[in-house]
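# A look at the structure
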Amino acid sequence: MTPQEELRALLQETAEHLRYYQELGITNFGEIFIPQDLPAVTAEATRPMTQAVSEPLPIPPKEIETMPETKNTVPDSFSLFGETAPLAPEQQVSDDSLEKIRADLGDCQRCKLWKTRTNIVFGEGNAKADLMFIGEAPGADEDASGRPFVGRAGQLLTKMIEAINFKREDVYIANILKSRPPDNRNPEADETKSCIPFLFRQIAVIRPKLIVTLGNPATQGLLETKVGITKLRGEFQDYPRFPGIKVLPTFHPAYLLRSPDKKREAWEDLKKVRAFLQGGA
Ligand code: SF4
(Lines give C-alpha, C1' and ligand atoms only; values in the text may rest on other atoms or scores of the structure.)
Protein backbone atom coordinates (compact mmCIF):
# COMPACT_ATOMS: atom_id res chain seq x y z
CA MET A 1 0.00 0.00 0.00
CA THR A 2 1.40 3.39 -0.96
CA PRO A 3 1.64 6.20 1.64
CA GLN A 4 -1.20 7.95 -0.18
CA GLU A 5 -3.38 4.85 0.04
CA GLU A 6 -2.50 4.43 3.71
CA LEU A 7 -3.52 8.03 4.38
CA ARG A 8 -6.78 7.53 2.53
CA ALA A 9 -7.51 4.35 4.48
CA LEU A 10 -6.70 6.11 7.76
CA LEU A 11 -8.98 9.02 6.94
CA GLN A 12 -11.77 6.71 5.95
CA GLU A 13 -11.42 4.63 9.08
CA THR A 14 -11.38 7.76 11.25
CA ALA A 15 -14.55 9.01 9.55
CA GLU A 16 -16.21 5.65 10.13
CA HIS A 17 -15.16 5.65 13.75
CA LEU A 18 -16.55 9.13 14.33
CA ARG A 19 -19.76 8.17 12.60
CA TYR A 20 -20.10 5.13 14.84
CA TYR A 21 -19.83 7.31 17.94
CA GLN A 22 -22.21 9.83 16.43
CA GLU A 23 -24.74 7.10 15.81
CA LEU A 24 -24.38 6.03 19.39
CA GLY A 25 -25.27 9.58 20.42
CA ILE A 26 -21.76 10.54 21.48
CA THR A 27 -20.90 13.86 19.92
CA ASN A 28 -18.70 15.45 22.56
CA PHE A 29 -15.24 14.22 23.55
CA GLY A 30 -14.22 17.08 25.79
CA GLU A 31 -13.09 19.76 23.35
CA ILE A 32 -13.71 17.59 20.30
CA PHE A 33 -17.15 17.75 18.75
CA ILE A 34 -18.42 15.49 16.00
CA PRO A 35 -20.36 17.50 13.42
CA GLN A 36 -24.01 16.46 13.28
CA ASP A 37 -23.91 16.43 9.50
CA LEU A 38 -21.02 13.98 9.25
CA PRO A 39 -21.51 12.47 5.81
CA ALA A 40 -21.96 8.80 5.16
CA VAL A 41 -18.69 6.94 4.99
CA THR A 42 -18.18 6.57 1.32
CA ALA A 43 -15.38 7.21 -1.07
CA GLU A 44 -16.93 10.60 -1.74
CA ALA A 45 -16.98 11.37 1.95
CA THR A 46 -13.23 11.08 2.22
CA ARG A 47 -12.40 12.62 -1.13
CA PRO A 48 -12.37 16.27 0.06
CA MET A 49 -9.78 15.32 2.67
CA THR A 50 -7.50 13.90 0.00
CA GLN A 51 -7.44 16.58 -2.64
CA ALA A 52 -4.45 15.14 -4.43
CA VAL A 53 -6.37 11.98 -5.20
CA SER A 54 -7.90 11.86 -8.63
CA GLU A 55 -8.45 8.16 -9.15
CA PRO A 56 -11.44 6.31 -7.57
CA LEU A 57 -10.93 5.46 -3.94
CA PRO A 58 -10.51 1.78 -3.12
CA ILE A 59 -12.87 -0.35 -1.14
CA PRO A 60 -11.95 -0.10 2.58
CA PRO A 61 -8.82 -2.09 3.33
CA LYS A 62 -9.36 -5.75 3.98
CA GLU A 63 -8.24 -6.03 7.54
CA ILE A 64 -8.46 -9.78 7.10
CA GLU A 65 -4.89 -9.54 5.86
CA THR A 66 -3.64 -8.32 9.20
CA MET A 67 -6.10 -10.20 11.33
CA PRO A 68 -4.54 -12.52 13.89
CA GLU A 69 -4.87 -16.20 13.26
CA THR A 70 -7.97 -17.86 14.57
CA LYS A 71 -7.62 -18.90 18.16
CA ASN A 72 -9.82 -21.50 19.69
CA THR A 73 -9.48 -21.03 23.41
CA VAL A 74 -12.43 -23.24 24.17
CA PRO A 75 -11.27 -26.42 25.83
CA ASP A 76 -12.22 -29.41 23.70
CA SER A 77 -12.92 -31.54 26.71
CA PHE A 78 -15.49 -29.30 28.33
CA SER A 79 -19.13 -29.68 27.42
CA LEU A 80 -21.60 -27.57 29.30
CA PHE A 81 -24.60 -29.73 28.58
CA GLY A 82 -23.03 -33.13 28.63
CA GLU A 83 -23.13 -33.43 24.84
CA THR A 84 -19.95 -34.11 22.96
CA ALA A 85 -21.23 -35.18 19.54
CA PRO A 86 -20.56 -32.57 16.86
CA LEU A 87 -24.22 -32.59 15.92
CA ALA A 88 -27.01 -33.07 18.43
CA PRO A 89 -29.94 -35.18 17.27
CA GLU A 90 -32.10 -32.08 17.26
CA GLN A 91 -29.94 -30.66 14.51
CA GLN A 92 -30.35 -33.61 12.24
CA VAL A 93 -33.78 -32.84 10.87
CA SER A 94 -33.97 -33.54 7.19
CA ASP A 95 -35.27 -30.72 5.00
CA ASP A 96 -35.27 -28.48 8.03
CA SER A 97 -36.44 -24.89 7.78
CA LEU A 98 -37.04 -21.98 10.10
CA GLU A 99 -40.77 -22.51 9.65
CA LYS A 100 -40.45 -26.16 10.67
CA ILE A 101 -38.36 -25.24 13.70
CA ARG A 102 -40.93 -22.65 14.78
CA ALA A 103 -43.70 -25.17 14.35
CA ASP A 104 -41.80 -27.76 16.40
CA LEU A 105 -41.23 -25.19 19.15
CA GLY A 106 -44.97 -24.59 19.35
CA ASP A 107 -46.25 -23.11 22.58
CA CYS A 108 -43.14 -24.43 24.27
CA GLN A 109 -43.25 -25.56 27.88
CA ARG A 110 -39.96 -27.46 27.86
CA CYS A 111 -38.57 -25.40 30.74
CA LYS A 112 -40.03 -23.37 33.57
CA LEU A 113 -39.77 -20.05 31.75
CA TRP A 114 -43.03 -20.62 29.88
CA LYS A 115 -44.90 -19.77 33.06
CA THR A 116 -43.68 -16.18 33.20
CA ARG A 117 -43.18 -15.22 29.57
CA THR A 118 -45.63 -13.25 27.45
CA ASN A 119 -44.31 -14.17 24.01
CA ILE A 120 -41.80 -16.59 22.61
CA VAL A 121 -39.00 -14.67 20.89
CA PHE A 122 -37.97 -16.99 18.11
CA GLY A 123 -35.51 -14.76 16.25
CA GLU A 124 -35.75 -12.77 13.06
CA GLY A 125 -33.84 -11.65 10.02
CA ASN A 126 -32.41 -12.97 6.80
CA ALA A 127 -32.80 -16.75 6.61
CA LYS A 128 -29.67 -16.85 4.43
CA ALA A 129 -27.61 -14.41 6.44
CA ASP A 130 -23.82 -14.56 6.45
CA LEU A 131 -23.87 -12.92 9.84
CA MET A 132 -25.79 -13.88 12.98
CA PHE A 133 -25.96 -12.06 16.29
CA ILE A 134 -26.84 -14.12 19.33
CA GLY A 135 -27.69 -12.75 22.74
CA GLU A 136 -28.65 -14.55 25.90
CA ALA A 137 -32.40 -14.09 26.31
CA PRO A 138 -35.29 -11.72 25.66
CA GLY A 139 -35.81 -8.74 27.95
CA ALA A 140 -39.03 -6.95 28.83
CA ASP A 141 -39.47 -5.18 25.48
CA GLU A 142 -38.73 -8.36 23.57
CA ASP A 143 -41.08 -10.39 25.75
CA ALA A 144 -43.84 -7.88 25.08
CA SER A 145 -43.26 -7.70 21.32
CA GLY A 146 -42.07 -11.21 20.51
CA ARG A 147 -39.09 -9.74 18.61
CA PRO A 148 -35.40 -9.91 19.56
CA PHE A 149 -33.39 -6.84 20.48
CA VAL A 150 -36.02 -4.13 20.19
CA GLY A 151 -35.38 -2.23 23.44
CA ARG A 152 -32.61 0.29 24.07
CA ALA A 153 -29.95 -2.38 23.74
CA GLY A 154 -31.58 -3.52 20.54
CA GLN A 155 -31.50 -0.01 19.13
CA LEU A 156 -27.82 0.13 19.89
CA LEU A 157 -27.31 -3.25 18.23
CA THR A 158 -29.06 -1.93 15.13
CA LYS A 159 -26.66 1.05 15.09
CA MET A 160 -23.71 -1.28 15.51
CA ILE A 161 -24.92 -3.35 12.56
CA GLU A 162 -25.37 -0.24 10.44
CA ALA A 163 -21.94 1.05 11.47
CA ILE A 164 -20.39 -1.83 9.53
CA ASN A 165 -22.56 -1.11 6.51
CA PHE A 166 -25.17 -3.80 7.03
CA LYS A 167 -28.88 -3.36 7.51
CA ARG A 168 -30.64 -5.07 10.35
CA GLU A 169 -32.65 -7.12 7.88
CA ASP A 170 -29.42 -8.41 6.29
CA VAL A 171 -28.46 -10.35 9.42
CA TYR A 172 -30.22 -12.87 11.66
CA ILE A 173 -30.73 -12.09 15.35
CA ALA A 174 -31.63 -14.62 18.02
CA ASN A 175 -30.99 -15.57 21.62
CA ILE A 176 -29.90 -18.65 23.52
CA LEU A 177 -33.29 -18.66 25.27
CA LYS A 178 -36.56 -17.88 23.57
CA SER A 179 -38.47 -16.98 26.73
CA ARG A 180 -37.63 -14.15 29.11
CA PRO A 181 -36.10 -15.13 32.46
CA PRO A 182 -37.71 -13.34 35.41
CA ASP A 183 -36.05 -10.01 36.22
CA ASN A 184 -33.69 -10.54 33.28
CA ARG A 185 -31.54 -12.92 35.26
CA ASN A 186 -28.99 -15.03 33.43
CA PRO A 187 -30.12 -18.28 31.79
CA GLU A 188 -29.91 -21.33 34.02
CA ALA A 189 -28.29 -24.52 32.80
CA ASP A 190 -31.51 -26.51 32.56
CA GLU A 191 -33.19 -23.74 30.59
CA THR A 192 -30.29 -23.51 28.17
CA LYS A 193 -30.23 -27.25 27.75
CA SER A 194 -33.93 -27.29 26.90
CA CYS A 195 -33.88 -24.35 24.54
CA ILE A 196 -30.57 -24.28 22.75
CA PRO A 197 -31.29 -27.27 20.45
CA PHE A 198 -33.74 -25.04 18.60
CA LEU A 199 -31.04 -22.40 18.16
CA PHE A 200 -28.68 -25.08 16.87
CA ARG A 201 -31.29 -26.01 14.28
CA GLN A 202 -31.65 -22.36 13.29
CA ILE A 203 -27.89 -22.11 12.83
CA ALA A 204 -27.85 -25.33 10.83
CA VAL A 205 -30.52 -23.96 8.49
CA ILE A 206 -29.06 -20.47 8.10
CA ARG A 207 -25.42 -21.60 7.92
CA PRO A 208 -23.90 -18.15 8.53
CA LYS A 209 -20.23 -17.54 7.95
CA LEU A 210 -19.88 -15.76 11.25
CA ILE A 211 -21.76 -15.67 14.54
CA VAL A 212 -21.22 -12.73 16.86
CA THR A 213 -22.10 -13.63 20.41
CA LEU A 214 -23.19 -10.74 22.59
CA GLY A 215 -22.03 -10.91 26.18
CA ASN A 216 -20.86 -13.60 28.54
CA PRO A 217 -23.92 -15.86 28.87
CA ALA A 218 -24.43 -15.99 25.11
CA THR A 219 -20.76 -16.70 24.49
CA GLN A 220 -20.51 -19.38 27.14
CA GLY A 221 -23.84 -20.90 26.16
CA LEU A 222 -23.11 -21.13 22.48
CA LEU A 223 -19.51 -22.25 22.77
CA GLU A 224 -20.30 -24.55 25.68
CA THR A 225 -17.45 -23.23 27.70
CA LYS A 226 -16.77 -21.71 31.09
CA VAL A 227 -14.11 -19.41 29.70
CA GLY A 228 -15.21 -15.83 30.26
CA ILE A 229 -15.79 -13.17 27.67
CA THR A 230 -12.84 -11.10 28.86
CA LYS A 231 -10.60 -13.85 27.49
CA LEU A 232 -12.61 -14.66 24.38
CA ARG A 233 -13.74 -11.19 23.30
CA GLY A 234 -12.47 -10.01 19.95
CA GLU A 235 -10.87 -13.34 19.03
CA PHE A 236 -12.27 -15.52 16.29
CA GLN A 237 -13.24 -18.88 17.70
CA ASP A 238 -13.59 -22.15 15.87
CA TYR A 239 -16.97 -23.76 16.45
CA PRO A 240 -16.55 -27.53 16.53
CA ARG A 241 -20.30 -28.08 16.62
CA PHE A 242 -20.54 -26.36 13.23
CA PRO A 243 -17.23 -26.74 11.41
CA GLY A 244 -16.65 -23.85 9.03
CA ILE A 245 -18.61 -21.33 11.06
CA LYS A 246 -16.57 -18.86 13.10
CA VAL A 247 -17.69 -17.23 16.32
CA LEU A 248 -16.60 -13.79 17.44
CA PRO A 249 -17.58 -12.87 21.01
CA THR A 250 -18.08 -9.22 21.86
CA PHE A 251 -19.81 -7.16 24.50
CA HIS A 252 -23.59 -7.12 24.87
CA PRO A 253 -25.11 -3.80 23.81
CA ALA A 254 -26.81 -3.49 27.21
CA TYR A 255 -23.35 -3.63 28.80
CA LEU A 256 -22.13 -0.98 26.38
CA LEU A 257 -24.99 1.26 27.45
CA ARG A 258 -23.85 0.87 31.05
CA SER A 259 -20.13 1.07 30.23
CA PRO A 260 -19.66 3.45 27.30
CA ASP A 261 -15.89 3.32 27.76
CA LYS A 262 -16.08 -0.21 26.31
CA LYS A 263 -17.49 1.02 23.00
CA ARG A 264 -14.03 1.51 21.60
CA GLU A 265 -13.25 -2.21 22.09
CA ALA A 266 -16.62 -3.14 20.63
CA TRP A 267 -15.82 -1.01 17.60
CA GLU A 268 -12.56 -2.89 17.13
CA ASP A 269 -14.57 -6.13 17.17
CA LEU A 270 -17.03 -4.77 14.65
CA LYS A 271 -14.22 -3.85 12.30
CA LYS A 272 -13.04 -7.45 12.49
CA VAL A 273 -16.55 -8.60 11.59
CA ARG A 274 -16.59 -6.33 8.55
CA ALA A 275 -13.12 -7.38 7.45
CA PHE A 276 -13.94 -11.08 7.89
CA LEU A 277 -17.03 -10.85 5.74
CA GLN A 278 -15.26 -8.79 3.10
CA GLY A 279 -12.40 -11.24 3.03
CA GLY A 280 -14.68 -14.25 2.93
CA ALA A 281 -17.06 -12.90 0.33
S1 SF4 B 1 -36.94 -20.84 27.14
FE2 SF4 B 1 -37.02 -22.19 25.35
S3 SF4 B 1 -37.29 -24.26 26.23
FE4 SF4 B 1 -37.85 -22.78 27.83
S5 SF4 B 1 -40.06 -22.54 27.60
FE6 SF4 B 1 -39.07 -20.90 26.40
S7 SF4 B 1 -38.94 -21.71 24.32
FE8 SF4 B 1 -39.30 -23.45 25.69
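Structure: above.
Residues numbered from 1 in each chain as written. Predicted model: local features only at pLDDT ≥ 70, side-chain atom pairs only at ≥ 80, totals over all residues. Heavy atoms only, no water.

### Concerning the site of the ligand
In the vicinity of the ligand, the residues found are Leu-105, Cys-108, Arg-110, Cys-111, Trp-114, Arg-117, Lys-178, Ser-179, Ser-194 and Cys-195. Looking at the shell around the ligand residue by residue, the class counts come to five nonpolar, two polar and three charged. (Near = heavy atom within 4 Å. Nonpolar A, V, L, I, M, F, W, Y, C, P; charged D, E, K, R; others polar.)

### Some words on the pattern of salt bridges
What the rule picks out here adds up to 17 salt bridges. Residues Asp-96 and Arg-201 are paired through a salt bridge, measuring 2.8 Å at the closest nitrogen-oxygen approach. Highlighted residues: Asp-96 in the loop between helix H2 (43–46) and helix H3 (98–105) and Arg-201 in helix H6 (residues 189–206), separated in sequence by 105 residues. Accessibility classification places Asp-96 together with Arg-201 in one group, the buried group. Note that Lys-112 is salt-bridged to Glu-191, the shortest N-O span being 3.0 Å. Placement of the pair is Lys-112 in the loop between H3 and strand E3 (124–125) and Glu-191 in helix H6, with a sequence separation of 79 residues. A network of salt bridges, in which partner residues are shared, links Lys-112, Arg-185, Glu-188, Asp-190 and Glu-191. (Salt bridge = Lys/Arg side-chain N within 4 Å of Asp/Glu carboxyl O. Helix = DSSP H or I, 4+ residues; strand = E, 2+ residues; numbered from the N terminus. Buried < 20%, exposed > 50% of the residue type's maximum accessible area, 1.4 Å probe, protein only.)

### Re the sheet that holds strand E6 (residues 210–214)
The strand order E3-E5-E4-E6-E8-E7 describes an open sheet built from six strands, whose pairing is mixed. At either end of the open sheet lies a strand with only one pairing partner, and these are E3 and strand E7 (237–238). With five bridges connecting them, E6 and strand E8 (residues 246–250) associate as parallel partners. Among the inter-strand pairings, Leu-210 is bridged to a residue of E8, identified as Lys-246. Lying on the sheet, H6 is in contact with strand E4 (131–135), strand E5 (172–175) and E6; it crosses E4 at an angle near 170°. (Pairing = 2+ DSSP bridges. Contact = heavy atoms within 4.5 Å. Axes fitted to C-alpha atoms, helices over the stretch in contact; angles between N-to-C directions.)

### Looking at the nonpolar core
As a rule of thumb, nonpolar side chains are buried together in soluble globular proteins. Leu-199, Ile-203, Ile-211, Leu-222 and Tyr-239 are the most contacted members of the largest nonpolar core, which totals 33 residues. Residue assignment for this core shows that the elements contributing at least two residues are H3, E4, E5, H6 and helix H7 (216–223). Counting residues per element, this core draws most heavily on H6, at seven residues. For Leu-199, the contacting residues outside a window of four places in its chain are Met-132, Ile-134, Ala-174, Asn-175, Ile-176, Lys-178 and Leu-222. In this structure, Phe-149, Ile-161, Leu-210 and Leu-277 belong to the second largest nonpolar core, which totals 24 residues. (Core = buried A, V, L, I, M, F, W, Y, C linked by side-chain atoms within 4.5 Å.)

### Thoughts on the pairing of E5
Along E5, one buried face is formed by Tyr-172 and Ala-174 and the opposite face, lined by Ile-173 and Asn-175, is buried too. Taken together, the four bridges between E4 and E5 define a ladder with parallel strand orientation. Looking at E5, one finds that Gly-135 is bridged to Asn-175.

### Observations regarding the packing of aromatic side chains
Tallying each qualifying case throughout the model produces four aromatic pairs. An angle of 25° between the planes, with centres 5.2 Å apart, marks the rings of Phe-236 and Phe-276 as stacked. With a gap of 40 residues between them, Phe-236 in the loop between helix H8 (229–232) and E7 and Phe-276 in helix H10 (residues 263–280) connect regions that are remote in the sequence. One exposure class covers both Phe-236 and Phe-276, and it is buried. (Phe/Tyr/Trp six-rings, centres within 6.5 Å; stacked < 30°, edge-to-face > 60°.)

### Here's the deal with the side chain of Thr-219
Along the polypeptide, Thr-219 turns up in helix H7. Each residue touching Thr-219, except ones within four places of it in the same chain, is listed here: Thr-213, Glu-224, Thr-225, Ile-229, Leu-232 and Pro-249.

### Quick look at unusual backbone geometry
Phi is positive for Asn-165, close to 70°, though the residue is something other than glycine. With respect to the helices and strands, Asn-165 occurs in the loop between helix H5 (152–163) and E5. A positive phi is found at Asn-184, a non-glycine position, where the angle reads about 60°. Position of Asn-184 among the secondary structure elements: in the loop between E5 and H6.

### Details of the pairing of E6
In terms of burial, E6 is largely enclosed, as five of its five residues are buried. A two-sided burial pattern is seen for E6, the buried positions comprising Leu-210, Val-212 and Leu-214 on one face and Ile-211 and Thr-213 on the other. The pairing of E4 with E6 spans four bridges and is classified as parallel. For Met-132, the partnering residue across the bridge sits in E6 and is Ile-211.

All we've got here are geometric facts, nothing functional implied.
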